[in-house]
Amino acid sequence: MTDSPKVQSQRRQQAASGLMHLHAADRVVTRLEQAQVPCALLKGAAFLDTLYDDVSQRSLGDIDILVSRTHANQAANLLAEIGATPVDSERSHSYHQQFRSQEGPYIEVHTGLCADGLFCIDYNALLGRRITRQTKGRSVPMLNPEDSFLSLVVHEAKHGYAVPEHSREDLHRIVGRWQPRWPVIIERAKSWGAGTACFVSCVGLLRSHGTNIPDEVIGALRPSPRRLGLLRSAIDLDTGRPK
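The sections below set out a description of the structure shown in this document. (Residues numbered from 1 in each chain as written. Predicted model: local features only at pLDDT ≥ 70, side-chain atom pairs only at ≥ 80, totals over all residues. Heavy atoms only, no water.)

Turning our eyes to something else, we now look at the packing of aromatic side chains. Tallied over the full model, the rule gives 2 aromatic pairs. Each ring, one from F149 and one from W182, has its centre 5.5 Å from the other, and the planes form 85 degrees; the classification is edge-to-face. In this pair, F149 is assigned in helix α5 (residues 145–158) and W182 in helix α7 (residues 182–191), connecting sequence segments 33 residues apart. Across from the ring centre of Y106, 4.7 Å away, lies the NZ or CZ of R100, which sits over that ring. (Phe/Tyr/Trp six-rings, centres within 6.5 Å; stacked < 30°, edge-to-face > 60°. Helix = DSSP H or I, 4+ residues; strand = E, 2+ residues; numbered from the N terminus. Lys NZ or Arg CZ within 6 Å of the ring centre and 35° of its normal.)

What follows deals with empty space enclosed by the protein. Summed over the entire model, instances satisfying the criterion amount to 2 cavities of 30 Å³ or more. Looking at the largest cavity, its volume works out to about 80 Å³. What lines the largest cavity is L42, K43, H110, G112, L113, S151, H155 and K158. Ranked by residues supplied to the lining of the largest cavity, first place goes to α5 with 3 residues. When grouped by side-chain class, the residues that make up the lining of the largest cavity number 2 nonpolar, 4 polar and 2 charged. Each pocket or cavity is described by its volume, and for the second largest cavity that value is around 40 Å³. Residue lining of the second largest cavity: A24, R27, V28, I82, G83, A84, S101, Q102, E103 and I107, and that is the complete set. Sort the elements by how many residues they give to the lining of the second largest cavity and helix α1 (residues 5–34) lands first, with 3 residues. For the lining of the second largest cavity, the class distribution of residues is 5 nonpolar, 3 polar and 2 charged. (1 Å grid on protein atoms, 1.4 Å probe; cavity = no way out; pocket = protein on both sides within 12 Å on 5 of 7 lines; lining within 4 Å. Points joined across faces, edges and corners; volume = space filled by probe spheres on them. Nonpolar A, V, L, I, M, F, W, Y, C, P; charged D, E, K, R; others polar.)

With 14 residues, helix α6 (residues 165–178) should reach 20 Å at 1.5 Å per residue; the first-to-last C-alpha distance of 20 Å fits that figure. Within α6, burial applies to S167, R168, D170, L171, R173, I174, V175 and W178. Backbone geometry just downstream of α6 places Q179 in the positive-phi region, at approximately 45 degrees. (Expected span 1.5 Å × (residues − 1). Buried < 20%, exposed > 50% of the residue type's maximum accessible area, 1.4 Å probe, protein only.)

What the rule picks out here adds up to 15 salt bridges. We note a salt bridge from D64 to K43, for which the minimum N-O separation is 3.6 Å. Of this pair, D64 sits in strand β2 (residues 63–66) while K43 sits in helix α2 (residues 43–47); the two residues are 21 residues apart in sequence, bridging distant segments of the chain. Using a relative accessible area of 22% as the deciding quantity, one classes K43 as partly exposed. A salt bridge links R58 to D170; the nearest nitrogen and oxygen atoms lie 2.8 Å apart. One end of the pair, R58, is in the loop between α2 and β2; the other, D170, is in helix α6, and 112 residues separate them in sequence. (Salt bridge = Lys/Arg side-chain N within 4 Å of Asp/Glu carboxyl O.)

Moving on: the pairing of strand β7 (residues 138–142). Counting buried positions along β7 gives 4 out of 5 residues, so the element sits mostly inside the fold. Note that strand β6 (residues 131–135) and β7 share 5 bridges and pair antiparallel. When the sheet's bridge partners are listed, I131 is paired in β7 with M142. Hairpin connection, β6 to β7: the antiparallel pair is bridged by 2 residues, and K136 has positive phi, about 50 degrees. (Pairing = 2+ DSSP bridges.)

By themselves, these observations are geometric and do not establish any function.
In structure tokens:
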């Protein structure tokens, strides 16, 4: 079935926007790597042309990139060198600062995935496990499959599961295409204090997308009956979304 002219136009616009964002992301990564600042692209900037066959298939609102806290000021100075300007925005938080790139897209430089105290994440270890994927002539520094999955689990949880549908689609594709190691996810989720959050995302994936998540994974992550009851009062476990 052929898409309507309106849908075709929307997809062309989304593709053009995505390519512009990727170009801006490449400039940021290149400058950081030249200065030997370890970094990893997050969410859409990491997934747009690694998890999706066509850049028109996923929207991308900004560029998220993770650096260590010790490199945060250096990263900000390096962004300034390539024409990015800091933005005094409500979207800047204790764990990320927003910039406007010379090309137009916004850049969020993260030193964490969430506010301190929400989860217990060793960010130096996280960056130490990063990988680089080669795709369509680009080198994409990103988190490994298990950490990519868990970074989205954290993202969903910190927003109370009121996140865009592409977040759930990203998770589904990570499982199907990159086949993360479930024992690693279970162990790491629990060490981060994110076992319950991972359970909610996995149950939501299983029921909304039919994602291939083994029963033993759900069983290993299942919270206590008391916590499960509290969850059910706030979260629709059939969808993994807030009530």
